Amino acid sequence: MRRSRSRNIQPLLREVTLSKNDLVAPLFVDENLDSPRPIDSMPGQFRYPVNGIATVVSGLWDKGVRAVLLFGIPKTKDKEARSAYDPDGVVQQAVRRIKAEVREMVVITDVCACEYTDHGHCGIVGETRGGMDLLNDPSLKLMDRIAISHAESGADIVAPSCMLDGVVGSIRAALDNEGLEEVLIMAYSTKFASALYGPFREAADSGFSFGDRTTYQVHPGNSREAILESQMDADEGADILMVKPAGFYLDILAEIGSIGLPVAAYQVSGEYSMIKAAAANGWLGEKETVMESLTCMKRAGADLIITYFAADVAGWLDEKQ
Ligand code: PBG
Ligand code: ZN
């Protein structure tokens, strides 16, 4: 085997290589801010004000990043997440500003209600047989309205992350009905109930005031259920499937590839913060660890990778040439 690993032969035989085209950069836009505010639990990440977001995105474009995923932090929250589908809401404004400045950037929006509800759950809550919880069907209409308002503002791809049953089919029909059939749906199709979202809940101010998300997200131990979730979203018309978190769930990622749709891997906030913390202590090399983690996602079958390291990776890929 070592013949094939000699320094000049090795690159020729490499099976997967990371490229800038794989990268999606998540960004937090906060309607309450006038200047960027650092996110303590995610060193190097910021919440950006609406009026600063286009500049940030244009900087990413210059580095070679071609897609962003937007999360919004609104001025007001209520039980019904009304600010989530406001035509002048935080994400809607951000999308318009980005598209006006960097038209070709692929803009993906997270379609969920947890940043917009006062209780912090991903949709409408009410009494169920198991107590107060996220209500499925009453929340679908809300997701349709959010998706339509994002798409009307110019989003190229909407990404429902609420794990409601039937949400992909519902949004597809709603978009088509509004003449928005060109807009893609990237389903958070297999989303595990993970401890690794901890830092995100500070970043997006989306922690919940009661209960948890285990009644809508998949238990980490369940692989058949995980595959079925993605298959159902594919059947409902998803254009892109997603596994989230990525690093702990590469077996699932590999299996979902056989459905036949493009697969996204989401390296989530906790994966980011773990690497950052270890690197800050000098325990791990940041660049090497990040590049390895993303290469392994590609090896497992990811076509695109959502990572808070996107800007750094674009820079590191340049260094290598
Ligand atoms: C909202 C949402 C979450 C993430 C993406 N969309 C949080 C959650 O489900 O609690 C997590 C992303 C990350 O941790 O980086 N539903
Ligand atoms: Zn949510």
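Structure: above.
Residues numbered from 1 in each chain as written. Chains lettered and ligands numbered in written order. Predicted model: local features only at pLDDT ≥ 70, side-chain atom pairs only at ≥ 80, totals over all residues. Heavy atoms only, no water.

## Considerations on the site of ligand 1
Every one of the 18 residues lining ligand 1 counts as a neighbour, but Lys191, Arg201, Lys244, Ser269 and Tyr308 are closest to it. Between ligand 1 and Gln217 there is a distance of 3.0 Å, counted from an oxygen atom to a side-chain nitrogen or oxygen. Look at ligand 1: alone it shows 410 Å² of surface, and the protein chains cover 100% of it. Looking at the shell around ligand 1, its residues break down into 10 nonpolar, three polar and five charged. (Near = heavy atom within 4 Å. Polar contact = N/O pair within 3.5 Å; in protein donor to acceptor, adjacent residues only side chain to side chain. Areas by Shrake-Rupley, 256 points an atom, 1.4 Å probe, with all protein chains shown as cover. Nonpolar A, V, L, I, M, F, W, Y, C, P; charged D, E, K, R; others polar.)

## Thoughts on the packing of helix H9 (residues 269-280) against helix H10 (residues 286-300)
For the pair H9 and H10, interaxial distance at closest approach is 9 Å and the crossing angle is 155 degrees. By the angle between their axes, H9 is roughly antiparallel relative to H10. Seen along the crossing, H9 lies across H10 with a hand that is right-handed. Contacts from Glu271, Ile275, Lys276 and Ala279 of H9 reach H10 at Glu286, Thr289, Val290, Ser293 and Met297. Class assignment for the residues of the contact of H9 with H10 results in four nonpolar, two polar and three charged. (Axes fitted to C-alpha atoms, helices over the stretch in contact; angles between N-to-C directions. Helix = DSSP H or I, 4+ residues; strand = E, 2+ residues; numbered from the N terminus. Parallel < 35°, antiparallel > 145°, perpendicular 65-115°, else oblique. Left-handed = near helix turned anticlockwise from the far one by under 90°. Contact = heavy atoms within 4.5 Å.)

## Describing the side chain of His121
Relative to the elements of secondary structure, His121 occurs in the loop between strand S5 (106-111) and strand S6 (125-128). Once residues within four sequence positions are removed from consideration, His121 is found in contact with Ala113, Cys114, Phe208, Phe210, Asp212, Arg213 and Tyr216.

## Details of the pairing of strand S13 (residues 304-307)
Side-chain alternation along S13 places Leu304 and Ile306 on one buried face and Ile305 and Thr307 on a second face that is also buried. Summarising the sheet, strand S1 (residues 23-30) and S13 pair through two bridges and their orientation is parallel. Bridge assignment links Val24 to a residue of S13, and that residue is Ile306. Pairing geometry for strand S12 (residues 263-267) and S13, over four bridges, is parallel. Among the inter-strand pairings, Ala264 is bridged to a residue of S13, identified as Leu304. (Buried < 20%, exposed > 50% of the residue type's maximum accessible area, 1.4 Å probe, protein only. Pairing = 2+ DSSP bridges.)

## Some details on the coordination of the zinc ion (ligand 2)
All of the protein donors around the zinc ion (ligand 2) are Cys112 (SG), Cys114 (SG) and Cys122 (SG); their distances to the metal are 2.2 to 2.3 Å. Note that the zinc ion (ligand 2) binds four donor atoms; their angles at the metal cover 101 to 121 degrees, and the shape is tetrahedral. Counting gaps between the donor residues of the zinc ion (ligand 2) yields the pattern C-x1-C-x7-C. The two residues Cys112 and Cys114 agree in class, both being buried. (Donors = N, O, S within 2.8 Å, 3.2 Å for Na, K, Ca; no water. Tetrahedral: all angles 85-135°; square planar, octahedral: opposite > 155°, others 65-115°.)

## Brief notes about the environment of Asn281
Within the element layout of this structure, Asn281 appears in the loop between H9 and H10. Only 3.1 Å separates the side chain of Asn281 from the backbone oxygen of Ala277, close enough to count as a polar contact.

## Describing the nonpolar core
By size, the foremost hydrophobic cluster in this structure holds 109 residues, and its most contacted members are Met143, Met186 and Val313. The element that contributes the greatest number of residues to this core is helix H4 (residues 136-153), accounting for seven residues. Ignoring any residue separated from it by four or fewer positions in sequence, one finds Met186 in contact with Ile108, Ile157, Val158, Ala159, Pro160, Ile240, Met242, Ala264, Leu304 and Ile306. (Core = buried A, V, L, I, M, F, W, Y, C linked by side-chain atoms within 4.5 Å.)

## Brief notes about the pairing of S6
Looking at chain direction, S6 and strand S7 (residues 131-134) are connected through four bridges and run antiparallel. Residue Val125 lies in a different strand from S7, and its bridge partner there is Leu134. The hairpin turn running from S6 into S7, its antiparallel successor, is two residues long.

## So, the packing of aromatic side chains
Each pair of aromatic rings is reported with the distance of its centres and the angle of its planes. One pass over the structure, following the stated rule, counts 11 aromatic pairs. Both rings, one in Phe46 and one in Tyr48, keep their centres 6.0 Å apart while their planes meet at 40 degrees; by these two values the pair is tilted. The class of Phe46 is partly exposed, set by a relative accessible area of 28%. Residue classification places Tyr48 among the buried residues on the basis of a relative accessible area of 17%. Judged by centre distance (4.0 Å) and plane angle (15 degrees), the rings of Phe192 and Tyr249 are stacked. Of this pair, Phe192 sits in the loop between strand S10 (190-191) and helix H6 (198-203) while Tyr249 sits in the loop between strand S11 (241-244) and helix H8 (250-256), and the two are 57 residues apart along the sequence. Comparing Phe192 with Tyr249 shows no difference in burial state: the two are buried. An aromatic cluster is present here, built from Phe28, Phe71, Tyr188, Phe200, Tyr266, Tyr272, Tyr308 and Phe309 joined pairwise through their rings. Looking at Lys191, its charged tip hangs above the ring of Tyr197, at a distance of 5.8 Å from the centre. (Phe/Tyr/Trp six-rings, centres within 6.5 Å; stacked < 30°, edge-to-face > 60°. Lys NZ or Arg CZ within 6 Å of the ring centre and 35° of its normal.)

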